[in-house]
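A structural walkthrough
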Amino acid sequence: MARFADQQLYIGGQYVDASSGATFQSINPATGEVLANVQRASQDDVERAVASAERGQKVWTAMTAMQRSRILRKAVDILRERNDELAELETLDTGKPLSETRYVDIVTGADVLEYYAGLIPAIEGEQIPLRDTSFVYTRREPLGVVAGIGAWNYPIQIALWKSAPALAAGNAMIFKPSEVTSLTALKLAEIYSEAGLPDGVFNVLTGLGAEVGQWLTEHPRIEKVSFTGGTVTGKKVMASASSSSLKEVTMELGGKSPLIVCEDADLDRAADIAMMANFYSSGQVCTNGTRVFVPRALQARFESKIVERVKRIRLGSPQDDTTNFGPLVSFAHMERVLGYIEQGRQQGARLLIGGERVIDGAYANGAYVAPTVFTDCRDDMTITREEIFGPVMSILVYDSEEEVIRRANDTTYGLAAGIVTRDLNRAHRVIHKLEAGICWINTWGESAAEMPVGGYKQSGVGRENGLTTLAHYTRIKSVQVEMGDYASVF
Ligand SMILES: NC(=O)c1ccc[n+]([C@@H]2O[C@H](COP(=O)([O-])OP(=O)(O)OC[C@H]3O[C@@H](n4cnc5c(N)ncnc54)[C@H](O)[C@@H]3O)[C@@H](O)[C@H]2O)c1
Ligand SMILES: C[N+](C)(C)CC=O
Ligand SMILES: [K+]
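Residues numbered from 1 in each chain as written. Chains lettered and ligands numbered in written order. Predicted model: local features only at pLDDT ≥ 70, side-chain atom pairs only at ≥ 80, totals over all residues. Heavy atoms only, no water.

For a metal with four tetrahedral donors the ideal donor-metal-donor angle is 109.5 degrees, whereas six octahedral donors ideally subtend 90 or 180 degrees. Protein-derived coordination of the potassium ion (ligand 3) comes from Ile27 (O), Asp93 (O), Asp93 (OD) and Val180 (O), at a distance range of 2.6 Å. Of note, the potassium ion (ligand 3) draws all its donor residues from one chain, in the sequence arrangement I-x65-D-x86-V. Here valine 180 lies in the loop between β8 (172-176) and α6 (183-195) and aspartate 93 lies in helix α3 (residues 83-94), a separation of 87 residues in the sequence. We classify aspartate 93 as buried; its relative accessible area is 0%. (Donors = N, O, S within 2.8 Å, 3.2 Å for Na, K, Ca; no water. Helix = DSSP H or I, 4+ residues; strand = E, 2+ residues; numbered from the N terminus. Buried < 20%, exposed > 50% of the residue type's maximum accessible area, 1.4 Å probe, protein only.)

This is the structure in structure tokens:
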């Protein structure tokens, strides 16, 4: 018996049954409990959602900018009022501790929605003078119906980071959450309706990526897909988006990001940054700095600071307020991470701490993996080349600035990078040479609404948040006006 009722689709401002008749389960990874049977959208349901979105978008875009801004700001207020309730649901579905979800997941989503709601009246065109009798003006028009496809690690935040700019720009969105964590995206749909969003402007289709995700990506009347997920999947999405209707894409993909500790760094600060960059959300954060480069002379001291901090981690039940390290998102993901840890051992990395599944007492019912640190890692190891997306830190040593920059960039990814040093000349000199889209100096992880985020190389295409993202949910129409004569050569 599931904890919650069967979860339906959300189309046209209401819950509706999927026509597939099929469901999948959402599981609480801390206990193995079945949270809900979630309906799987069919291709007919995708058609229903697109038709509803087209109708809703016409109502939405006919409103004034201030009317749209007020509705989205009302949704912000409701999100903040319901923060704790939504956090508890997110914790159940993801396994992330309440000490995170109460203060980060809904908060950072609502902040981005508030940011874009405020920008709606600022969406403007230009006037370009040509001559006394003629000028051009431009219009920034919405794309129409767009799709969002989310990953499982920050479900409601990702749904908000995609829908906020899309709706602010006057579009309607069909959002597919990850089938691993589908529950809070449906609550967001409820909240948008409660705030006054016209029916059909935000729809949620729960279902599998290879089904619903694919159908959305290929749909000829969907103008853009904003995708968050792994690079392998992202390439599939980009291929079908271009081969189907040449729709625009935003890709927020994987990473294997470097954190460079310099010999003049405050080593306690460097260790604190490395801990947050590897073990927050049990290591399931795309931007994590999982390759920690340390000067050879500081290796032993840095290792001991890391070990003492890992021993302080409070692994526990996500519902316990004192817990700061929960299970991984699923048992399948746990097995993937344990497989990487085994490869690290086999390929000669030296295990400093962790390295196994946690099965003491009740933890045996959950997908718990101990926070793990390898050292003496080489650039050619699987654990330093592939994204693990779990609580596994790899420490590598280096001897010169030139060498560490070269090695930090020696990856097909380019999502994030960071450096810890007291020398700000060196900080900017090195950061400017690192091939990454999201960079931090003497810090790690903060991602304000104003900060555009996205990857270089195979970590992504386009950006989320910041001014630039709003522009990418509009298209420019240029209009030339001629007030003088018109001469034909015929
Ligand atoms: N760059 C970022 O902002 C960011 C943020 C969070 C997670 N991620 C990345 O996401 C990955 C982990 O998330 P995940 O396991 O959910 O990723 P995933 O690629 O397995 O799935 C992501 C989404 O894509 C859907 N999907 C799967 N196959 C599809 C297809 N053929 N067509 C369309 N959609 C399809 C899934 O159903 C899911 O909703 C990691 O690589 C992580 O780095 C990146
Ligand atoms: C946390 N988030 C989604 C912004 C980045 C990657 O996981
Ligand atoms: K789940």
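Following the criterion strictly, the structure yields seven aromatic pairs and no others. With a centroid separation of 5.1 Å and 65 degrees between ring planes, the pair formed by tryptophan 152 and phenylalanine 389 is classed as edge-to-face. Placement of tryptophan 152 in the loop between β7 (145-149) and α5 (155-168) and of phenylalanine 389 in the loop between α12 (382-385) and β16 (392-398) is noted, with a sequence separation of 237 residues between them. Comparing tryptophan 152 with phenylalanine 389 shows no difference in burial state: the two are buried. With a centroid separation of 4.9 Å and an interplanar angle of 40 degrees, the aromatic rings of tryptophan 440 and tryptophan 444 are classed as tilted. The buried category is assigned to tryptophan 440, whose relative accessible area is 5%. Accessibility expressed as a relative area gives 11% for tryptophan 444, which makes it buried. Three or more aromatic residues link up through ring pairs in this structure, and these residues are Phe175, Tyr192 and Phe202. (Phe/Tyr/Trp six-rings, centres within 6.5 Å; stacked < 30°, edge-to-face > 60°.)

Quick look at the UniProt feature "site: Seems to be a necessary countercharge to the potassium cations" (unreviewed entry) in the protein chain now. The UniProt record annotates "site: Seems to be a necessary countercharge to the potassium cations" (unreviewed entry) at Glu248. As for its position among the elements, glutamate 248 is in strand β11 (residues 248-252). You can call glutamate 248 partly exposed: its relative accessible area is 31%. Each residue touching glutamate 248, except ones within four places of it in the same chain, is listed here: Glu223, Lys224, Val225 and His472. (UniProt positions renumbered as here; feature names shortened; annotations may be inferred. Contact = heavy atoms within 4.5 Å.)

Closest axis-to-axis distance for the helix α2 (residues 65-81)/α5 pair is 11 Å, and the angle between their directions is 165 degrees. Judged by the inter-axis angle, α2 sits roughly antiparallel to α5. As for the relative orientation of α2 and α5, their crossing is left-handed in sense. Between α2, through Arg68, Leu72 and Leu79, and α5, the contact on the second element is made entirely by Ile156, Leu160, Ala164, Leu167 and Ala168. Looking at the contact of α2 with α5 residue by residue, the class counts come to seven nonpolar, no polar and one charged. (Axes fitted to C-alpha atoms, helices over the stretch in contact; angles between N-to-C directions. Parallel < 35°, antiparallel > 145°, perpendicular 65-115°, else oblique. Left-handed = near helix turned anticlockwise from the far one by under 90°. Nonpolar A, V, L, I, M, F, W, Y, C, P; charged D, E, K, R; others polar.)

This paragraph deals with the site of ligand 2. Around ligand 2 sit Asn153, Tyr154, Gln157, Trp161, Val285 and Cys286, and those are all the residues in its vicinity. Contact distances for ligand 2 include 2.7 Å between an oxygen atom and a side-chain N or O atom of asparagine 153. Cysteine 286 places a polar main-chain atom, nitrogen or oxygen, 2.9 Å from an oxygen atom of ligand 2. In the complex, 84% of the free accessible area of ligand 2, which totals 240 Å², lies under the protein chains. A breakdown of the residues in the shell around ligand 2 according to their chemical character gives four nonpolar, two polar and no charged. (Near = heavy atom within 4 Å. Polar contact = N/O pair within 3.5 Å; in protein donor to acceptor, adjacent residues only side chain to side chain. Areas by Shrake-Rupley, 256 points an atom, 1.4 Å probe, with all protein chains shown as cover.)

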